[in-house]
Amino acid sequence: MSNVTRKHTALPKAQILIEALPWLTRHRGKTVVVKFGGNAMIDAELKAAFAQDIVFLHHAGLKPVVVHGGGPQISAALDRHGIVSEFKAGLRVTTEDAMDVVRMVLAGQVQRELVGLLNEHGPLAVGLTGEDAHTITATKHQPTIDGQLVDIGRVGEITAIDTGAIEALLADGRIPVVSSIARSQDDGHVYNVNADTAAAALAAALGAETLMVLTDVEGLYEDWPNSDEVISRLTASQLEKLLPELASGMVPKMEGCLHAVRNGVTTARVIDGRVQHSILLEIFTDEGIGTMVVPDDEEAGDAA
């Protein structure tokens, strides 16, 4: 009897593994940039599941690169230092004092914790910031609000990416974990850069197969708030038309996806980071679970 029972429990597991086979074949050797953020960064179980997923991708022959910000952690640390968090045009106003805290939290706390979780599975993860080896270079970003340029401090606009250090780590079988801080192009300071934007810029520069952005929603909604239908797939041009209507928090994520697929990344996806193992579900199953953005010409190819 026990043999029969064993066969029955083993078979579904085998079927699940076999379903992943074509995806394993397709993605093997490909670079995948994953933006880590939202609830997945705060909830202990989700953090552990995220680390397992990234290590699984690594062992499945993909080359994951993790990029992270740390909004909630930065806000908490600024509070502790008595610095008020202020946002303009959806971006954190970053004074010199605040920048010191941002750098400390991203590179010294959030990145370290993530590197630690990944390295519970082996000597895999190496942390760096955009400052290291000129990985991310930025210049001062001044958003326009009501027709006026506004000074929001040490917030950077990315001007250059140097992938040398990341590619060396990938070639060595490591998992790079990148904090979204940039070196300055012109004044010797460092800049706080939006992590969604940084992930997209790195995905394009690395020629990644996929950019995945973890969010706290199921994906891009068809007609929010009237409906919670998620758009499962759209082209770059379709996304561009939707951008002006999006909620402010989704804008950098979707602009990042648009930038990625317009600059050589095969697919960009926003996925629900509140779902355990959402990364594996998205990469290794037929259904997928988020919103996938594809280049315009891909739709034409499908139609043909």
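Whatever comes next refers back to the structure up there.
I will try to describe carefully the structure that is included in this document. None of the values given here were measured: they were computed from a predicted structure. (Residues numbered from 1 in each chain as written. Predicted model: local features only at pLDDT ≥ 70, side-chain atom pairs only at ≥ 80, totals over all residues. Heavy atoms only, no water.)

Quick notes on the packing of aromatic side chains
Stated formally: Only Phe, Tyr and Trp rings are paired, with Trp represented by its six-membered ring, and only when their centres lie within 6.5 Å; those with planes under 30 degrees apart are stacked, over 60 edge-to-face, the remainder tilted. A run of H or I in DSSP counts as a helix once it spans at least four residues, and a run of E counts as a strand once it spans at least two, with each numbered from the N terminus. Working definition: with a 1.4 Å probe on protein chains only, accessible area under 20% of the residue-type maximum means buried, over 50% means exposed, and in between means partly exposed. Charge-over-ring contacts are defined here by two conditions on Lys NZ or Arg CZ: a distance within 6 Å of the ring centre and an angle within 35 degrees of the ring normal.
The tally for this structure, following the rule as stated, stands at two aromatic pairs. The interplanar angle of 65° and the centroid separation of 5.8 Å between the aromatic rings of Phe56 and Phe284 together place this pair among those described as edge-to-face. Here the residue Phe56 occupies a position in helix 3 (residues 44–59), and Phe284 occupies one in helix 10 (residues 278–284), the gap between them amounting to 228 residues. Take Phe56: its relative accessible area is 41%, and that puts it in the partly exposed class. Residue Phe284 is classed as buried on the basis of its relative accessible area, which comes to 6%. The ring centre of Tyr191 lies 4.3 Å from the NZ or CZ of Arg154, which sits over that ring.

Concerning helix 9 (residues 250–262)
Condition: Expected helix span is computed as 1.5 Å times (number of residues minus one).
For helix 9, with 13 residues, the first-to-last C-alpha span of 18 Å sits near the 18 Å given by 1.5 Å per residue. Among all positions of helix 9, only Met250, Lys253, Met254, Gly256, Cys257, Leu258, Ala260 and Val261 are buried. Looking at the residues trailing helix 9, positive phi occurs at Gly264, about 95°.

Quick notes on the side chain of Arg269
We count it as follows: Every residue pair with non-hydrogen atoms within 4.5 Å of one another is taken to be in contact.
Looking at where Arg269 falls in the secondary structure, it is placed in strand 17 (residues 267–272). Overall, the relative accessible area of 6% leaves Arg269 in the buried class. With sequence-adjacent residues up to four places away left out, Arg269 is seen in contact with Thr210, Leu211, Met212, Val213, Cys257, Glu282, Thr291 and Met292.

As for the packing of helix 4 (residues 71–80) against helix 5 (residues 96–119)
Between two packed helices, what matters for the description is the angle formed by their axes and the separation of those axes. What counts is decided by this rule: To obtain each axis, a line is fitted to C-alpha atoms, and for helices this fit is confined to the stretch in contact; angles are then taken between N-to-C directions over 0 to 180 degrees. By the definition adopted for this analysis, an angle is roughly parallel if under 35 degrees, roughly antiparallel if over 145, roughly perpendicular if from 65 to 115, and oblique otherwise. By convention, the crossing between two helices is left-handed when the near helix turns anticlockwise from the far helix through less than a right angle, and right-handed when the turn is clockwise. Side-chain classes follow a simple rule in which Ala, Val, Leu, Ile, Met, Phe, Trp, Tyr, Cys and Pro form the nonpolar group, Asp, Glu, Lys and Arg form the charged group, and the remainder, Gly included, forms the polar group.
Two elements in contact, helix 4 and helix 5, have axes separated by 9 Å at closest approach and are oriented at 125°. Relative to helix 5, the element helix 4 lies oblique. Here the hand of the crossing between helix 4 and helix 5 comes out right-handed. Seen from helix 4, the contacting residues are Gln73, Ile74, Ala77 and Leu78; seen from helix 5, they are Ala98, Val101, Val102, Val105, Leu106, Gln109 and Val110. Of the residues assigned to the contact of helix 4 with helix 5, the class counts are nine nonpolar, two polar and no charged.

Considerations on the sheet that holds strand 18 (residues 291–294)
Stated precisely, the cut-off is as follows: Think of it this way: DSSP has to see at least two bridges between two strands before they count as a pair.
The eight strands are arranged 5-10-2-1-13-17-18-16 in an open sheet whose pairing can be described as mixed. What marks the edges here is a single partner per strand, and that holds for strand 5 (125–129) and strand 16 (233–235). Recorded for the sheet is a direction-independent mean angle of 20° between the axes of neighbouring strands. The strands touched by helix 9 within the sheet are strand 1 (31–36), strand 13 (210–215), strand 17 and strand 18, with strand 17 carrying the most contacts at an inclination of about 155°.

A look at the environment of Arg274
To keep things clear, this is the line we draw: Pairs of N or O atoms are called polar contacts if they sit within 3.5 Å, as long as, within protein, a hydrogen donor faces a hydrogen acceptor (for residues adjacent in sequence, only side-chain-to-side-chain pairs).
Checked against the element boundaries, Arg274 lands in the loop between strand 17 and helix 10. Using a relative accessible area of 39% as the deciding quantity, one classes Arg274 as partly exposed. Taking the C-alpha atoms as reference points, Arg274 and Ala40, separated by 234 residues in sequence, lie 6.0 Å from one another. Excluding residues that lie within four positions of it along the chain, Arg274 makes contacts with Asn39, Leu46, Thr215, Asp216, Val217 and Glu218. Only 3.1 Å separates the side chain of Arg274 from the backbone oxygen of Asp216, close enough to count as a polar contact. A polar contact is formed between the side chain of Arg274 and the side chain of Asp272, at a distance of 2.8 Å.

Some words on helix 3
Between the first and last C-alpha of helix 3 there are 23 Å, a value that for 16 residues agrees with the 22 Å anticipated at 1.5 Å per step. Within helix 3, burial applies to Leu46, Lys47, Ala49, Phe50, Ala51, Asp53, Ile54, Val55, Leu57 and His58. Against the buried residues of helix 3 lie strand 1, strand 2 (63–68), helix 5, strand 10 (175–179), strand 13 and helix 10. Backbone nitrogen of Glu45 and a side-chain oxygen of the N-cap are separated by 2.9 Å at the start of helix 3; the cap is Asp43. Positive backbone phi, approximately 95°, marks Gly61, located one or two places after helix 3.

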